[in-house]
Amino acid sequence: MENEAGALSRVAGLFSSRGYNIESLTVAATEDPTLSRMTLVTAGSDDVVEQITKQLNKLIEVVKVVDLSEGDHIERELMLMKVRAVGKDRDEIKRMADIFRGRIIDVTDKSYTIELTGTGSKLDAFLEAMERGAILETVRTGASGIGRGERILKV
Amino acid sequence: MSTELTGAEIAVRCLQKEGVDYIFGYPGGAVLFIYDELFKQDKVKHVLVRHEQAAVHAADGYARSSNKVGVALVTSGPGVTNAVTGIATAYMDSIPLVIISGQVPTHAIGLDAFQEVDTVGITRPCVKHNFLVKDITELAATIKKAFYIASTGRPGPVLVDIPKDVSQQKTEFDYPASVTMRSYNPVTRGHAGQIRKAVQLILEAKRPMIYAGGGVILSDAAAQLTDLVRMLGFPCTNTLMGLGGYPATDKQFVGMLGMHGTYEANMAMQHCDVLVAVGARFDDRVIGNPKHFSNEDRKIIHIDIDPSSISKRVKVDIPIVGNVSDVLDELIKLIRARKEKPDRVALDAWWTQIDLWRARDCLKYDRASSIIKPQMVVEKLYEVTGGNAFITSDVGQHQMWAAQFYKFDLPRRWINSGGLGTMGFGLPAAMGVQFANPGEMVACVTGEASIQMCIQELSTCKQYNLPLKIINLNNRYMGMVRQWQQFFHGNRYAESYMDALPNFVKLAESYGHVGMQIDQPGDVESALQEAFKLKDRLVFMDFITDQTENVFPMVPGGKGLSEMILV
Ligand SMILES: Cc1cc2nc3c(=O)[nH]c(=O)nc-3n(C[C@H](O)[C@H](O)[C@H](O)COP(=O)(O)OP(=O)(O)OC[C@H]3O[C@@H](n4cnc5c(N)ncnc54)[C@H](O)[C@@H]3O)c2cc1C
Ligand SMILES: Cc1ncc(C[n+]2csc(CCOP(=O)(O)OP(=O)(O)O)c2C)c(N)n1
Ligand SMILES: [Mg+2]
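### Describing the overall build of chain B
If you tally the helices and strands in chain B, you get 21 helices and 20 strands. Seen through its principal axes, chain B has C-alpha atoms that stretch 75 × 60 × 40 Å. Residue burial in chain B is summarised as follows: out of 567 residues, 61% are buried. Summarising the internal contacts of chain B: among those between residues at least 6 apart in sequence, 77% fall at separations of at least 24. Carbon and sulfur atoms form 51% of the exposed surface of chain B, whose accessible area is close to 21,500 Å².

Printed below as a string of structure tokens:
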């Protein structure tokens, strides 16, 4: 969509006013600074998704809408997690992060901050794997998506 | 060095370039520079209303009756919030408007400044698009875009919010000749393959039905629709918004359909085998419960410029996204070129069935009544005006009777709020209609409750000498509400009685108009004749009508179209 003030609130407003739900939404400028790209995850029957697509296309600032889940695509999400890490837990947590290909990006004598990217379900699995009581804080970006192979979204 | 203009001058110059002859508005602090520039020129004539809601309704009536973009000007804060009802009304009926609003200076935005509201935020859900112009160098191009967006594709209101400092700053004026927007490219012509498929289905139909809506009016395609329907010999119905899209006095017209549609139109909708929807959006007031919509197997062709109108409530078989007028041209051409003709024998049988439904005479009422029947007033209005008036309306029973009993043969003559159902629309809309159509007969069919919602505009009418005829069907009830309470709430008429009514005759007179009260059926026609003879006066006609009259047929909410309550 056009990289203009207000475009995001139009999309968000559309979802709330028409009763569609937003599971996650990410947006940032692209290599062309006049455009920004948004990945929005929602759920609904085929009819609802069709209406959502049509309604989004009607927004003046929206340049193009693609339903990535209609074809092969890649989804990635970033999670930052701060965990209590003291004593023998420190090694255990480090090992777990390694298994999930996470990276420890901040360390204090009591905590680790882990960076992890992957599909939503991988992040969910990591959350499951970590001991609940150890988790101090998490923050997730929501999914960004792109088509696989030659599937290219360009305007 | 070339001359620089202020933002206010630029705004007014843009309006001139767009050929705007009337702008409806109300001044205030944030728009004073713009008013100053309006004062210094005379191409764009400003009409001072008495409430911002009326400014937008008047611009709306102007647009609906002329196919030009209507323009309104309001100040920040309360000016905007007052305008919102008007904007939402236009939005729901897809009416092209440009609303210019003042805003607090850019440096004050967000500081809870005096008369600040988040105009773009408040209006976002009820405009086709809106802009906040923070940079004066973008002002001209933004206004150009606003007119372009409002009037193309599926039309709608577009708001341009101009902070006071932007209206004061200066820049060079350069009005772009055209607009291109990569993110907005409305289609016009329909897909050729889809149109061919539609032709095939149309020619094979045994029990066809043409269901035409506001899109026909908006697209100025009444002539093409009429050609197509006559050529095919099919029955045609109009939605409330589509009235006048097909001549109501024609034999092939089966009346309006929907909640208060005719028996024949609703039955034909339910029993047809091929339905051609033309610029209509399968509204809930039109098709009732989508689960009960159809008594037989049926195929639907849907022509609409907005893909989101298609398969929204009812799944269609052949969607055609395009401008009604272009698509109908193409359809007519293809059908003419085909050797096959519609199935005469099947059509004759279908018409025999439709005529049986018609014989049910679903709009009958007691013509011998000693109390004035509201239907009779509209029938007489039709006769006295020869069917040539522009009729605006408010919302309620009177609106339905106007739609049922005034036979619109021409498009853009029936001006009402269908989608939002805004009481208070009728009088200000009629002002806009009269400005767009000087010298024409303009009548507002209203109710004693609705008229009081924008009654202050009688003053505007006096200032500009608008010779409107106000037909007040005074039943001392919010009749439509009372009818629902009678049918669905055990006759408990909670708060629907209109107590403490003003003396409308004196009220009209105090504004400098002519007032009449009519309470005898025998006087209705002569009073109307007298009123329309007063060509340069507004006449407020207070008809004391039957309090208990109901609108029939009626499809109760949640029911299918064939489950009508009949008289
Ligand atoms: C008290 C009350 C009772 C009512 N009862 C009834 C009733 O009994 N029957 C009834 O019909 N209505 C009734 N209505 C009105 C109803 O609420 C809707 O407003 C109306 O039915 C919608 O009409 P429409 O389908 O023609 O669509 P509109 O609202 O007129 O929409 C036009 C459609 O055409 C499309 N379009 C616009 N321009 C073009 C173009 N150039 N080319 C192609 N397509 C275009 C648009 O995208 C849209 O889908 C009632 C309203 C009130 C207030
Ligand atoms: C602004 C607004 N408020 C409330 C309503 C709900 N409403 C619909 S019809 C109606 C009664 C209208 O009464 P009147 O104008 O006397 O018309 P009648 O039905 O009696 O002909 C009301 C209150 C509305 N449509 N618009
Ligand atoms: Mg009433």
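### Looking at the site of ligand 1
All names here are of chain B. As a matter of local geometry, ligand 1 sits amid 37 residues, with Gly214, Thr239, Arg281, Asp304 and Ser309 nearest to it. Separating an oxygen atom of ligand 1 from a backbone N or O atom of leucine 240 is a distance of 2.9 Å. At 2.8 Å, a backbone N or O of leucine 257 approaches a nitrogen atom of ligand 1. If ligand 1 stood free it would expose 990 Å²; the protein chains cover 97% of that surface. At the level of elements, helix 9 (214–218), helix 12 (284–287) and helix 16 (397–405) are the ones that each hand at least two residues to the shell around ligand 1. With 3 residues, the top contributor of residues to the shell around ligand 1 is helix 9.

### Observations concerning the coordination of the magnesium ion (ligand 3)
Residue and element names in this part refer to chain B. Around the magnesium ion (ligand 3), the protein contributes the donor atoms Glu448 (OE), Glu448 (OE), Asn475 (OD1) and Tyr477 (O), at 2.0 to 2.5 Å from the metal centre. Taken in chain order, the donor set of the magnesium ion (ligand 3) reads E-x26-N-x1-Y. With a gap of 29 residues between them, glutamate 448 in the loop between strand 17 (442–447) and helix 18 (457–463) and tyrosine 477 in the loop between strand 18 (469–474) and helix 19 (479–488) connect regions that are remote in the sequence. In terms of burial, glutamate 448 and tyrosine 477 fall into one category: buried.

### With respect to the state of the cysteines
Should the sulfur atoms of two cysteines be covalently bonded, the bond is a disulfide. All names here are of chain B. Applying the stated criterion to the full structure yields 0 disulfides over all chains. Cysteine cysteine 126 remains unbridged, with the sulfur of cysteine 454 as its closest cysteine sulfur at 16 Å. Since its relative accessible area comes to 10%, cysteine 126 is described here as buried. With no disulfide of its own, cysteine 272 lies 12 Å from the sulfur of cysteine 236, the closest cysteine sulfur. You can call cysteine 272 buried: its relative accessible area is 0%.

### Section: the pairing of strand 7 (residues 157–163) of chain B
All names here are of chain B. Most of strand 7 is tucked away: 7 of the 7 residues are buried. Residues of strand 7 alternate between two faces, with Pro157, Leu159, Asp161 and Pro163 on one and Val158, Val160 and Ile162 on the opposite face, all of them buried. Bridge analysis of strand 5 (residues 97–103) against strand 7 gives 7 bridges, and the strand direction is parallel. Its bridge partner lying in strand 7, isoleucine 99 is registered against leucine 159. Here strand 6 (residues 129–132) runs beside strand 7; their pairing, made up of 4 bridges, is parallel. Residue histidine 129 lies in a different strand from strand 7, and its bridge partner there is valine 158.

### A closer look at the site of ligand 2
All names here are of chain B. In the vicinity of ligand 2 lie 17 residues, with Gln397, Gly421, Ser450, Tyr477 and Gly479 positioned nearest. In this structure, an oxygen atom belonging to ligand 2 sits 3.2 Å away from a main-chain N or O atom of alanine 449. Note that an oxygen atom of ligand 2 is positioned 2.9 Å from one of the backbone N or O atoms of methionine 480. Protein contacts shield 77% of the accessible area of ligand 2, which totals 580 Å² for the unbound molecule. Secondary-structure elements contributing two or more residues to the shell around ligand 2 are helix 16 and helix 19.

### Points about the interface of chain B and chain A
Taken together, the contact between chain B and chain A spans 18 residues of the former and 17 residues of the latter. Sorting the residues of chain B by area buried against chain A places Arg124(B), Arg182(B) and Ser183(B) first, and these three jointly supply 41% of that buried surface. At the junction of chain B and chain A, the tally comes to 4 salt bridges. Of the charged contacts in the structure, one is a salt bridge between Asp306(B) and Lys58(A), with a shortest N-O distance of 2.7 Å.

### Things to note about the pairing of strand 19 (residues 514–518) of chain B
All names here are of chain B. Across 5 bridges, strand 19 lies against strand 20 (residues 539–544) in parallel orientation. Among the inter-strand pairings, glutamine 517 is bridged to a residue of strand 20, identified as aspartate 542. With respect to chirality, the unit in which strand 19 leads through helix 21 (residues 524–533) into the neighbouring parallel strand 20 is right-handed.

### As for the pattern of salt bridges
Residue and element names in this part refer to chain B. Under the criterion given, the structure shown has 34 salt bridges over all chains. In this structure, the salt-bridge partner of arginine 412 is aspartate 220, at a minimum N-O distance of 3.1 Å. With arginine 412 in the loop between helix 16 and strand 16 (414–415) and aspartate 220 in the loop between helix 9 and helix 10 (222–232), this residue pair connects regions lying 192 residues apart in the sequence. Note on aspartate 220: relative accessible area 39%, which makes it partly exposed. In this structure, aspartate 348 and arginine 344 form a salt bridge, with 3.6 Å as the shortest nitrogen-oxygen distance. Here aspartate 348 and its partner arginine 344 are both found in helix 14 (residues 344–358), 4 residues apart, which amounts to about one turn of the helix.

### Looking at the confidence of the model for chain B
For chain B, mean pLDDT is 97; residues scoring 70 or higher make up 100% of the total. Interface confidence for the predicted complex, expressed as ipTM, amounts to 0.93; the pTM equals 0.97.

Reading the values: the criteria
For every chain, the first residue of the written sequence is number 1, and numbering continues from 1 onward in sequence order. For this description, chains carry letters from A and ligands carry numbers from 1, given in the order in which they are written. Under the rules for a predicted model, residues below a pLDDT of 70 receive no local features and side-chain atom pairs below 80 are neither given nor counted, while totals for whole chains, interfaces and linings still include all residues. With hydrogens and water stripped out, all remaining heavy atoms of the structure feed into the side-chain values. The helix count covers DSSP runs of H or I at least four residues long, the strand count covers runs of E at least two residues long, and both are numbered beginning at the N terminus. Only protein chains enter the area calculation, which uses a 1.4 Å probe; residues under 20% of their type maximum are buried, those over 50% are exposed, and those in between are partly exposed. Two residues form a contact once any of their heavy atoms are found within 4.5 Å. Areas reported here follow the Shrake-Rupley algorithm with a probe of radius 1.4 Å; residue values treat only the protein chains shown as occluding. The nearness test applies per residue and asks whether one of its heavy atoms lies within 4 Å of the molecule or strand. N or O atoms closer than or at 3.5 Å make up a polar contact, with two conditions inside protein: a donor-capable atom paired with an acceptor-capable one, and, for residues adjacent in sequence, both atoms drawn from side chains. For Na, K and Ca the donor cutoff is 3.2 Å, while for all other metals N, O and S atoms must lie within 2.8 Å; water is not among the atoms, so some sites may look incomplete. Two cysteine sulfurs form a disulfide in these notes if their separation is within 2.5 Å. Strands are treated as partners if at least two bridges between them are detected by DSSP. Accessible area, probed at 1.4 Å, shrinks when two parts are joined; the buried area is that loss added up over both. When a carboxyl oxygen of Asp or Glu is within 4 Å of a side-chain nitrogen of Lys or Arg, the pair counts as a salt bridge. Crossover handedness is defined here as right-handed if the route from the first strand over the helix to the second strand goes clockwise, with the strands pointing away from the viewer. Values of pLDDT, which run from 0 to 100, indicate the predictor's confidence residue by residue.

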